[in-house]
Amino acid sequence: MKAIFYSKERQELIQRELQTPAPREKEVLIKTNFLVLTQRDLKNVDSENDIIPGRFFVGEVIAAGSDVKDFAPGETVSGITSFFCGSCEACKNLEYHLCENPSIPGKDVNGFFAEYITIKSDFLFKVPPEIPKEKAIFLPLIAELLAYIPEEIKPGSTGIITAGSIEDLLFNNLLLISGFVETAILSTSTRLRTFLKPDLRTHYMEEPTGLLQFFEGYGEKPDYAFDLTGNLPLLKSILQVLKPNATLFLAEKLLNEDKENIAQIWKFNIRMKNLLPIEYRISYAIKILQTHAIQPDDFITHIFNLDDYQKISKILLQEPSLIRVKM
Ligand SMILES: [Zn+2]
């Protein structure tokens, strides 16, 4: 089978021929149908060794290991994007979303950019048949983004998002359908704005001063800020604009010194994630697509096939992009 690896050293995707894997007792063998790749998939690669990138897939079950009860050949499935360890305190208490040692596919372990993959059935979920696979590929992405949305949103809440990638724009829409009345996006990228719907473009700033004016016009400072970039100067600049007791979500990992730096400036709520269980986020993501609350196709910048991997790596490394790959 064909598998696509990312070579950090060569800064490109390369194809290799691998043997089709066989599922172990608790694993499922899947033929991948679609993938979504974003800039983060290559940016997040830590490993110096070549690794298969990609953390969002939809595929068809081909075979299941002897211990797998819940999945059968022919079913359409997708997977979560943070593999819990199963042995830490949180996992022992069945609070998998709080796992202390999760591994991220495409970062810590091989991801899904291959014709066939094996994955533990614990990390899979079924895709309802009425959602076409081309759209269902957004379920794992939406479920991942929902981890940064507060569990309870006070009526009339407002927020600021620091954005660097296309999926951050999708996050903005998730806030708006989840009860936020006003959001603004701060980004250093001029290109990103062009991927917003025209009616949302006035909410997009490249300078923090724009934020001040925006929320002055609205009459209230924001209750929440979401840092999706890990960019310290950008993050610091939004702190000036927030309500004094606002909550700050840090979605991207900061360096330790940056974390201390922020903790000294911001004495109020700082959170990494919300506490919603994974199953809840998946069923909410399914509901969002079933009710067409979000049109995920709006966020796709390119469509390619697996064999276009060279073009794909060029684009991902060059510009804001969200690429759907037909496998
Ligand atoms: Zn764990």
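All values derive from a computational prediction rather than experimental measurement.

Trainee: Quick one: what's the story with the packing of aromatic side chains, residue by residue and with numbers?
Mentor: Counted under the stated rule, the structure contains 13 aromatic pairs. A centroid spacing of 5.9 Å and a plane angle of 65° characterise the contact between Phe180 and Phe226, whose relative ring orientation is edge-to-face. With Phe180 in the loop between α5 (166–177) and β9 (182–186) and Phe226 in strand β11 (residues 224–227), the pair connects residues that are 46 residues apart, well separated along the chain. These aromatic residues form a ring-pair network of at least three members: Phe57, Phe83, Phe84, Tyr96, Phe112 and Phe123. Directly above the ring of Tyr116 sits Lys31, whose terminal nitrogen or CZ lies 5.6 Å from the centroid. One residue, Lys126, lies across the ring of Phe71, its end atom 5.4 Å from the ring centre.

Trainee: Could you give an account of the nonpolar core, naming the residues involved and the relevant values?
Mentor: Ranked by size, the top nonpolar core spans 91 residues in total, and within it Phe113, Ile142, Phe171 and Ile312 carry the most contacts. Setting aside chain neighbours within four positions, we find Phe171 in contact with Leu145, Tyr148, Ile149, Ile161, Phe226 and Leu228. Formed by 21 residues, the second largest nonpolar core is a distinct cluster that contains Leu211, Leu242, Leu250 and Ile262.

Trainee: Can you tell me about the pattern of salt bridges, naming the residues and giving the values?
Mentor: A complete count under the given rule lists 19 salt bridges for this structure. Between Lys2 and Asp307 there is a salt bridge, with its nearest N and O atoms 3.1 Å apart. Of this pair, Lys2 sits in strand β1 (residues 2–7) while Asp307 is found in the loop between β14 (302–305) and α10 (309–318), placing the two residues 305 residues apart along the sequence. Arg40 is paired through a salt bridge with Glu252; the nearest N and O atoms lie 3.6 Å apart. With Arg40 in helix α1 (residues 39–43) and Glu252 in the loop between β12 (247–250) and α8 (256–265), this residue pair connects regions lying 212 residues apart in the sequence. Of the residues examined, Glu252 reaches a relative accessible area of 19% and is grouped as buried. Several salt bridges share partner residues, and in doing so they unite Arg40, Asp41, Arg55, Glu144, Glu167, Asp168 and Glu252 into one network.

Trainee: Lay out the coordination of the zinc ion in plain terms, naming residues and giving numbers.
Mentor: Only Cys85 (SG), Cys88 (SG), Cys91 (SG) and Cys99 (SG) from the protein reach the zinc ion as donors, at distances of 2.3 to 2.4 Å. Coordination at the zinc ion comes from 4 donor atoms whose angles at the metal span 105 to 119°, giving a geometry best classed as tetrahedral. One chain supplies every donor to the zinc ion, and in sequence these donors are spaced C-x2-C-x2-C-x7-C. Within this pair, whereas Cys85 is found in the loop between β5 (76–79) and α2 (89–92), its partner Cys99 is found in the loop between α2 and β6 (116–120), the two being separated by 14 residues in sequence. A relative accessible area of 27% means that Cys85 is categorised as partly exposed. According to the relative accessible area criterion, Cys99 is buried, its value standing at 12%.

Trainee: Before we move on, can you summarise the domain arrangement of the chain with the specific residues and values?
Mentor: When the parts of a complex come together, some accessible area is lost, and that lost area is often used as the size of the interface. When its domains are assigned, the chain resolves into domain 1 (2–144 + 276–326) and domain 2 (150–271). Placing a centre on the C-alpha atoms of domain 1 and another on those of domain 2 gives a separation of 27 Å. Taken together, the contact between domain 1 and domain 2 spans 19 residues of the former and 19 residues of the latter. Both sides together, the interface formed by domain 1 and domain 2 hides about 1700 Å², and carbon and sulfur atoms give 61% of it. Broken down residue by residue, the surface that domain 1 buries against domain 2 is led by Arg40, Phe299 and Pro320, which jointly contribute 38%. Where domain 1 packs against domain 2, one counts 6 salt bridges. With its nearest N and O atoms 3.0 Å apart, the salt bridge here joins Asp168 to Arg40. The tally of links between domain 1 and domain 2 comes to 6 residue pairs in polar contact (both at pLDDT 80 or more). Elements represented by at least two residues in the side of domain 1 that touches domain 2 include exactly α1, α4 (139–145) and α9 (278–290).

Trainee: Which residues make up α10, and what values go with them?
Mentor: One turn of an α-helix holds 3.6 residues; hence residues three or four places apart share an orientation. Looking only at α10, the buried set comprises Tyr309, Ile312, Ser313, Ile315 and Leu316. Taken down its axis, α10 places every buried residue within 165° of arc, on the same side. Exposed and facing more than 90 degrees away from the buried side of α10 are Gln310, Lys314 and Gln318.

Trainee: Lay out the layout of surface pockets in plain terms, naming residues and giving numbers.
Mentor: Roughly 1100 Å³ of internal volume is contained in the largest pocket. Ile104, Tyr148, Ala251, Lys253 and Lys273 are, among the 43 residues lining the largest pocket, the residues nearest its centre. The set of elements that each furnish at least two residues to the lining of the largest pocket consists of α1, α4, α5 and α9. No other element matches the 4 residues that α4 contributes to the lining of the largest pocket. Tallied by class, the residues present in the lining of the largest pocket amount to 22 nonpolar, 7 polar and 14 charged. Size it by volume and the second largest pocket reaches roughly 380 Å³.

Trainee: Which residues make up the UniProt feature "domain: Alcohol dehydrogenase-like N-terminal" (unreviewed entry) in the chain, and what are the values?
Mentor: The UniProt feature table records "domain: Alcohol dehydrogenase-like N-terminal" (unreviewed entry) at residues 25–128. Between the C-alpha atoms that bound residues 25–128 the distance is 25 Å, and the span itself is 9% helix and 32% strand.

What counts, and at which threshold
Residues numbered from 1 in each chain as written. Predicted model: local features only at pLDDT ≥ 70, side-chain atom pairs only at ≥ 80, totals over all residues. Heavy atoms only, no water. Phe/Tyr/Trp six-rings, centres within 6.5 Å; stacked < 30°, edge-to-face > 60°. Helix = DSSP H or I, 4+ residues; strand = E, 2+ residues; numbered from the N terminus. Lys NZ or Arg CZ within 6 Å of the ring centre and 35° of its normal. Core = buried A, V, L, I, M, F, W, Y, C linked by side-chain atoms within 4.5 Å. Buried < 20%, exposed > 50% of the residue type's maximum accessible area, 1.4 Å probe, protein only. Contact = heavy atoms within 4.5 Å. Salt bridge = Lys/Arg side-chain N within 4 Å of Asp/Glu carboxyl O. Donors = N, O, S within 2.8 Å, 3.2 Å for Na, K, Ca; no water. Tetrahedral: all angles 85-135°; square planar, octahedral: opposite > 155°, others 65-115°. Domains from an automatic or database assignment. Buried area = accessible area lost by both parts, 1.4 Å probe. Polar contact = N/O pair within 3.5 Å; in protein donor to acceptor, adjacent residues only side chain to side chain. Arc of directions from axis to C-beta. 1 Å grid on protein atoms, 1.4 Å probe; cavity = no way out; pocket = protein on both sides within 12 Å on 5 of 7 lines; lining within 4 Å. Points joined across faces, edges and corners; volume = space filled by probe spheres on them. Nonpolar A, V, L, I, M, F, W, Y, C, P; charged D, E, K, R; others polar. UniProt positions renumbered as here; feature names shortened; annotations may be inferred.

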